[in-house]
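Structural description and commentary
So the chains spell out like this:
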Amino acid sequence: MSLLELHGVEARYGPVKALHGVSLQVADGEMVAVLGANGAGKTTTLRAISGTVRRSGEVVFAGKKLSRRPDSTARAGIAHVPEGRGTFGELSVWENLRLGAYTRRVNLKQEAQRVYKFFPRLEERRDQQAGTLSGGEQQMLALGRAMMARPKLLLLDEPSLGLAPIVVGQIFAVLERMKSDEGISVLVVEQNASLALAHAARAYVLEVGNVVVEGTSDELRANEAVRKSYLGY
Amino acid sequence: MVVAAFTWTEFAQQLAAGIREGAIYAGLALAIVIIYRSTRVINFAQGEMATFTTFIAWSLMNHGLSFWTAFPIVLAIAFTGGVAIERIVIRPVEDAPVLTIVIVTLGLALLLNGLTSVIWGGANRQFHGPFSTRTIDVAGVPVSVQDIGIVLVSIGLVAVLALFFRFTKVGLALRAAAVNPDSSRLVGIRVGWTFALGWGIAAVLGAVAGMMIAPVVFLDPNMMQTILLYAFAAAVLGGLDSPLGAVVGGILLGVTITLLGRYVGFLGSTLKLPAALMLIFIVLLVRPSGLFGRVAVRRV
Amino acid sequence: MRSRLWIGLAGFAVLALVIAALPRFISDFRARELAIVGMYFIALLGLSVLTGYSGQISLGHGAFMAIGGYTTAVLSVDGIYGHQIRDLWTIPIAGMVAGVAGLLVGLPALRLSGLYLALITFGIAVSLPQLPKKFDQFLGGTTGKILNLAKPPFGLATTANNWIYYITWGIALVLLVAAWLLVGSKAGRALKAVRDSEVAATSSGVSLATYKTLAFGISAFYAGIAGSLYAIANAYVNPDVFPIILSVYLVVGLAVGGLESLVGLIAGAGLIYFLQNHADSVAGWINHLPVFNLDPKQPGIPSMIFGVVLIVVMLLVPTGVGGLVRRAFGPLTSRLYTRS
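Residues and elements named next belong to chain A. Between the first and last C-alpha of helix 6 (residues 135–148) there are 20 Å, a value that for 14 residues agrees with the 20 Å anticipated at 1.5 Å per step. The element helix 6 is extensively covered by neighbouring structure, given that 12 of its 14 residues are classed as buried. Within the span of helix 6, buried status applies to Glu137, Gln138, Gln139, Met140, Leu141, Ala142, Leu143, Gly144, Arg145, Ala146, Met147 and Met148. Buried-residue contacts for helix 6 involve strand 6 (78–81), helix 3 (93–100), helix 4 (108–118), helix 5 (120–124), strand 7 (153–157) and helix 7 (165–182). Just past helix 6, the residue Arg150 takes up positive phi, approximately 45°.

Here you go:
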């Protein structure tokens, strides 16, 4: 049984249609990648799921039809880390984390400790203004905030963007642990196809708002067209 | 420059008068800051909203209610009104250019001012505040109980608000929604309602400010207009997103204007305000976000 | 691009012709009214350079109009060393003086962002009317100064009001061309870059400071000219001629008219004139609607009506009348419209 199912989802920005009927699935505890060139509709797909962009078509989450409003999808257990991290720059690191747990009634200190275990750097910078953190630290903060929500599904938009390879490695290591320790499903959008395929079980390739290839990572790596266009060999 | 004969007693009196003036501006400045802090909108109708609710208080008291009985009723009405105004008038233009929103609040001010005149007429009225007007002796300086009451109320409000914003979940949500509405939605905050809440709280603050001021200046529909100007100046001086700044700014402004008026002869009463504004301008040059305003950090 | 240029020129020519021919068909009084609309149009033109192009909001441009008006008054009544200066010659001087004042405000204004700037400029609008009261020997105090009535130059057979109309709109057209050239020039593009993204502009080498200050100066210059013309038309100045609320009206006119459309600016100018002078008639109109039975004389009704009108208009057309017109008449618009 899938955690997330998209059936023929369409989305538009004003007069421009960005998604022309995208269907995909994510199972429990699975990491799935969405690949494609710039403008293919990867970010839009995530936005369509979280409700940040107007969509039509069916989205089923945990067996129920998913609301179209971002604050409701958050309550349903979806955490979306958008392009550009989406951190609250003027608030402190600690306040950012607090906001992550907004929809839950929990002991904030304990939850934060969990996050600090994964990202000790954040604990050091607890009271610092989030906007002054480096790119890598902001990505950690964004992930930490998502973790505070204990989501069932994590939507990640281009986590590797603008980050040094070492930092990217750390981040994906954390993602693997989140998956194994807590059974969180991850839908990750990445331009770095080989990185994504190394971690994800399955992947979808988008082109101009349509799914053109789908399959397991192995299948995609063996696919000649995918190799040539996205893996570079 | 003519500096008149200086006595410490008189200075203390002027200082006290200045603080009292300042506390008056501070109340309204606080309301302005709250709306700005939670919605990033400057509400030019703040003064008129306060006047309107004060008139409601007057009407209630005219029908026999005591001040303290009418007080919570007025606050409840103010809160509901603030929320309603935000949802009905401001929400449709939330995403419009700043200029548009400015005009809408100006229109709102005109509307409320006219409505107040129509319902209650333009005559001056006496408003009996909660504090007695007798004076007591504070270190040799006669100070009225009312003045002390006004200052204490202002400080109390600031304290409550600061605690609210800093330590409560809702307060954090209000701040977050103003700073980054998109991300706020992604964490589950209903941004529209946080805006409405901000307006509700500000309306309550305005109502309190109005009820503090009315006993001092007499109640009429245009009561708040000049005070609003001073309140804006105070809010800017203190930093538009700092409640503490609003009160400190207000008191500093009140003291400065009073002292300038008394001790710098050539300014007279006509140039007090321009001089004070000039000083604020200079402060802003040094600290562009006001005394306590948070400087927005932009990482490029 | 070339065709846009020709369309722009054609539009301009039509406008000029209409302006030139109009007085023949309208009453003397109407000509005067349209002249005053023209003055507000000039002020709005300047304000649109500031807000529309460099993105700075000013709630104090009435003050610059006042500076222009008072300069003209002082020069034509008291003159320099006793020589009175002919009213027409004072116009450019008034513009310059206001422009310099604008630069003086614009320079420190660089440090302030959006709302802080708006509130400080509002402070200027509030403070300035106090100056004539303080320096009453020089500036006439509350009674103000009285100018000589404007007269058409010797030999020109036209009424005083028509003369003012032609002078005003002539200047307006010249200034319109100037603004048009400015917007298309390197400086104009720099201004637009500043408005759209200060960060990007700075990193492309645009000197933020220069252009933002320049925008203030230019807009103040325009306002000064408008104020000067107003003083001439009015034949007197005192603090009530340029009240605080004028700065508010200017911003209202700009917002309702729309930031970047020529037609919108003219509409906005018309609105300001209306607000200043015909407040009570609106109440009279509303009474024609069956539901309402309002007493227009009752204080408060005009305010309420204007408040509601402002709110409703901005709710319906957030980008102003001009934005609406632009969408309807896309290809006919001139260079001032385009957000290119």
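Structure shown, so let's carry the discussion forward.
Turning next to the confidence of the model for chain C. Residues and elements named next belong to chain C. Scored by pLDDT, chain C has a mean of 77; 75% of the residues are at 70 or more. A low-confidence stretch, residues 330–340 (pLDDT under 50), is modelled with 24 contacts involving residues beyond four sequence positions or located in other chains. Across the interface, the model reports ipTM at 0.88; the global pTM reads 0.81.

Take the interface of chain B and chain C next. Contact with chain B, which involves 39 residues of that partner, is made by 36 residues of chain C. Of all the secondary-structure elements, those providing two or more residues to the side of chain B that touches chain C are helix 4 (98–120), helix 9 (224–238) and helix 11 (272–286) of chain B. The dominant element in the side of chain B that touches chain C, judged by the number of residues it contributes, is helix 4 of chain B, at 16 residues. Its residues placed into classes, the side of chain B that touches chain C shows 31 nonpolar, 8 polar and no charged.

Glancing now at the packing of helix 1 (residues 8–39) of chain B against helix 5 (residues 145–167) of chain B. All names here are of chain B. As a packed pair, helix 1 and helix 5 sit with axes 9 Å apart at the nearest point and diverge in direction by 30°. Classified by the interaxial angle, the pair formed by helix 1 and helix 5 is roughly parallel. Pair helix 1 / helix 5 crosses with left-handed handedness. In contact with Ala16, Ile19, Arg20, Ala23, Ile24, Ala26, Gly27, Leu30 and Ile34 of helix 1, helix 5 contributes Asp147, Ile150, Val151, Ser154, Leu157, Val158 and Leu161. Residues that form the contact of helix 1 with helix 5 fall into these classes: 12 nonpolar, 2 polar and 2 charged.

Attention now goes to the sheet that holds strand 3 (residues 31–36) of chain A. Residues and elements named next belong to chain A. Pairing is mixed across the open sheet formed by 6 strands, whose spatial order is 6-7-8-3-9-10. In this open sheet, the two edge strands, each paired with only one partner strand, are strand 6 and strand 10 (210–216). Direction aside, the axes of adjacent strands within the sheet are offset by 15° on average. Judged from the 4 bridges that link them, strand 3 and strand 8 (residues 185–189) form a sheet pairing that is parallel. Residue Ala33 lies in a different strand from strand 8, and its bridge partner there is Val188.

Cut-offs used in this document
Residues numbered from 1 in each chain as written. Chains lettered and ligands numbered in written order. Predicted model: local features only at pLDDT ≥ 70, side-chain atom pairs only at ≥ 80, totals over all residues. Helix = DSSP H or I, 4+ residues; strand = E, 2+ residues; numbered from the N terminus. Expected span 1.5 Å × (residues − 1). Buried ≥ 20, exposed ≤ 12 C-beta atoms within 10 Å, placed from the backbone. Contact = placed C-beta atoms within 7 Å. pLDDT = per-residue confidence, 0-100. Nonpolar A, V, L, I, M, F, W, Y, C, P; charged D, E, K, R; others polar. Axes fitted to C-alpha atoms, helices over the stretch in contact; angles between N-to-C directions. Parallel < 35°, antiparallel > 145°, perpendicular 65-115°, else oblique. Left-handed = near helix turned anticlockwise from the far one by under 90°. Pairing = 2+ DSSP bridges.

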